[in-house]
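# Chain and residue survey
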Amino acid sequence: GAGVSQSPSNKVTEKGKDVELRCDPISGHTALYWYRQSLGQGLEFLIYFQGNSAPDKSGLPSDRFSAERTGGSVSTLTIQRTQQEDSAVYLCASSISNYEQYFGPGTRLTVT
Amino acid sequence: GENVEQHPSTLSVQEGDSAVIKCTYSDSASNYFPWYKQELGKGPQLIIDIRSNVGEKKDQRIAVTLNKTAKHFSLHITETQPEDSAVYFCAKTGGFKTIFGAGTRLFVKA
C-alpha cells in the first residue's frame, strides 16, 4: 500500500516568507508526528496529533511554527516569517498506535 | 531525563564483521525502544523494536537487547554487508512522545 507522502520534496524560500509543508499519512493511521532534522543531526520532535487534536505542542521551536490536521488525515506544518535557522529537513511520520512509526521522505527546506 | 545517549557517533567495520551500537536513557516511563535506519535522502525506516517486558529480540542478522534495570539497549548487526551502510537511530517511547538518539553513521567496507 501507499506509504507516508510529503510535499514539496524541496522548498527554497526567502527569509521572512511563510511556507506550508504537507503530510499525507498512511490511510487509517490515527497518530501523526512532525520532526525536524538539521544536517547530520538527529530528529527533533515538533508536534504530535491524535486524530485532529494535538495534545502536545511543546516541541514547536517558536510561535512562528504551527500545525493543523483536518479530517484525521492530511496535516500541514506552517512556518511564518522564515529564518535561516529554520533550514532543515522536516519529516512526518504516522502510526496506528503510539509505537511503530512510518516516516515519509521529508521536505528539505532552505531559507536564503 | 528526556534524552537518549547514543554511541558511537561513527562506526567503521569490515564486511562480514559485527557492528554494535549502544544507547542509554534515564527515565522510567519509556516502554518501547525502536531502532531506525536512515539512508541518504530518505526518511528513517523501522528495522527492529523491543518492548520493555522483553530482554532480547532477533530478526535474521539484526538483534536488539534491553537491560531495563541498567537503562541501556543495544543494536547488534552480524555479518555486515555494504548495504548496511547508513545512519542508525535508537529511540525511546513513553506515552506518545518518541525521543531519538543523535545517530550512528555506520560504514561497512567491502
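Above this text you will find the structure in question.
Quick summary incoming for the structure in this document.

The rules behind the values
- Residues numbered from 1 in each chain as written.
- Chains lettered and ligands numbered in written order.
- Predicted model: local features only at pLDDT ≥ 70, side-chain atom pairs only at ≥ 80, totals over all residues.
- Heavy atoms only, no water.
- Helix = DSSP H or I, 4+ residues; strand = E, 2+ residues; numbered from the N terminus.
- Rg over C-alpha atoms; globule rule 2.2 N^0.38 Å.
- Areas by Shrake-Rupley, 256 points an atom, 1.4 Å probe, with all protein chains shown as cover.
- Lys, Arg positive; Asp, Glu negative; His and termini not counted.
- Charge placed at Lys NZ, Arg CZ, Asp CG, Glu CD.
- Disulfide = S-S within 2.5 Å.
- Buried < 20%, exposed > 50% of the residue type's maximum accessible area, 1.4 Å probe, protein only.
- Contact = heavy atoms within 4.5 Å.
- Buried area = accessible area lost by both parts, 1.4 Å probe.
- Salt bridge = Lys/Arg side-chain N within 4 Å of Asp/Glu carboxyl O.
- Pairing = 2+ DSSP bridges.
- Axes fitted to C-alpha atoms, helices over the stretch in contact; angles between N-to-C directions.
- Polar contact = N/O pair within 3.5 Å; in protein donor to acceptor, adjacent residues only side chain to side chain.

### Re the overall build of chain A
Helix and strand counts for chain A stand at zero helices and 11 strands. Mapped from its N terminus to its C terminus, chain A presents α and β elements in the order β-β-β-β-β-β-β-β-β-β-β. Computed over C-alpha atoms, the radius of gyration of chain A comes to 13 Å, within 12% of the 13 Å expected from 2.2 N^0.38 for 112 residues, which places it in the range of a compact globule. Along the first, second and third principal axes, the C-alpha atoms of chain A reach 35 × 25 × 25 Å. Of the roughly 5,200 Å² of accessible surface on chain A, a fraction of 46% belongs to carbon and sulfur atoms. In chain A, 10 positive and 11 negative side-chain charges are present, and the distance between their average locations comes to 4 Å.

### Focus: the state of the cysteines
Residues and elements named next belong to chain B. Applying the stated criterion across every chain yields a total of two disulfides over all chains. Between Cys 23 and Cys 90 runs a disulfide, and the two sulfur atoms are separated by 2.0 Å. Judged by the torsion about the S-S bond (-100 degrees), the Cys 23/Cys 90 disulfide is left-handed. Taken together, the residues Cys 23 in strand E3 (residues 19-24) and Cys 90 in strand E9 (residues 86-94) connect sequence positions 67 residues apart. Assigned by exposure class, Cys 23 and Cys 90 land together as buried.

### Comments concerning the interface of chain B and chain A
Accessible area lost upon the coming together of the parts serves often as the stated size of an interface. Chain B puts 20 residues into the contact, and the matching count from chain A is 18 residues. Approximately 1,600 Å² of surface area, both sides summed, lies buried where chain B meets chain A, with 58% of it carried by carbon and sulfur atoms. When the buried surface of chain B facing chain A is broken down by residue, B:Pro44, B:Phe96 and B:Phe100 rank first, second and third, together holding 34% of it. Remark: the boundary between chain B and chain A carries one salt bridge.

### What about unusual backbone geometry?
Omega for the peptide link from A:Ser7 to A:Pro8 comes to -10 degrees, which places this bond in the cis form. Position of A:Pro8 relative to the elements: it lies in the loop between strand E1 (5-7) and strand E2 (10-13). Following B:His7, the chain continues to B:Pro8 via a peptide bond in cis, the omega torsion being -5 degrees. Turning to its location among the elements, B:Pro8 is positioned in the loop between strand E1 (5-7) and strand E2 (10-14). The phi dihedral of A:Arg81 falls on the positive side, at around 45 degrees, and the residue is not glycine. Counting through the fold element by element, A:Arg81 comes out in the loop between strand E8 (75-79) and strand E9 (88-95). Overall, A:Arg81 belongs to the partly exposed group, its relative accessible area being 40%. In this structure, B:Lys71 is a non-glycine residue whose phi angle is positive, near 60 degrees.

### Looking at the sheet that holds strand E7 (residues 62-67) of chain B
All names here are of chain B. Here we have five strands laid out as an open sheet, ordered E1-E3-E8-E7-E6, and antiparallel in their pairing. Looking along the sheet, the strands with just one partner apiece sit at the ends: E1 and strand E6 (56-59). The sheet shows a mean angle of 15 degrees between the axes of neighbouring strands, direction not considered.

### Let's talk about the environment of A:His29
All names here are of chain A. Assignment of secondary structure puts His 29 in the loop between strand E3 (19-24) and strand E4 (31-37). The class of His 29 is buried, set by a relative accessible area of 9%. Reaching out from His 29, the side chain makes a polar contact with the backbone nitrogen of Ser 95 at a distance of 3.3 Å.

### Digging into the pairing of E3(A)
Residues and elements named next belong to chain A. A one-sided burial pattern is seen for E3, the buried positions being Val 19, Leu 21 and Cys 23 and the unburied ones Glu 20, Arg 22 and Asp 24. Sheet analysis places E1 next to E3, joined by three bridges and oriented antiparallel. In the strand pairing of E3, Gln 6 is matched with Cys 23. Bridge analysis of E3 against E8 gives five bridges, and the strand direction is antiparallel. Paired with Arg 22 across the strands is Thr 76, a residue of E8.

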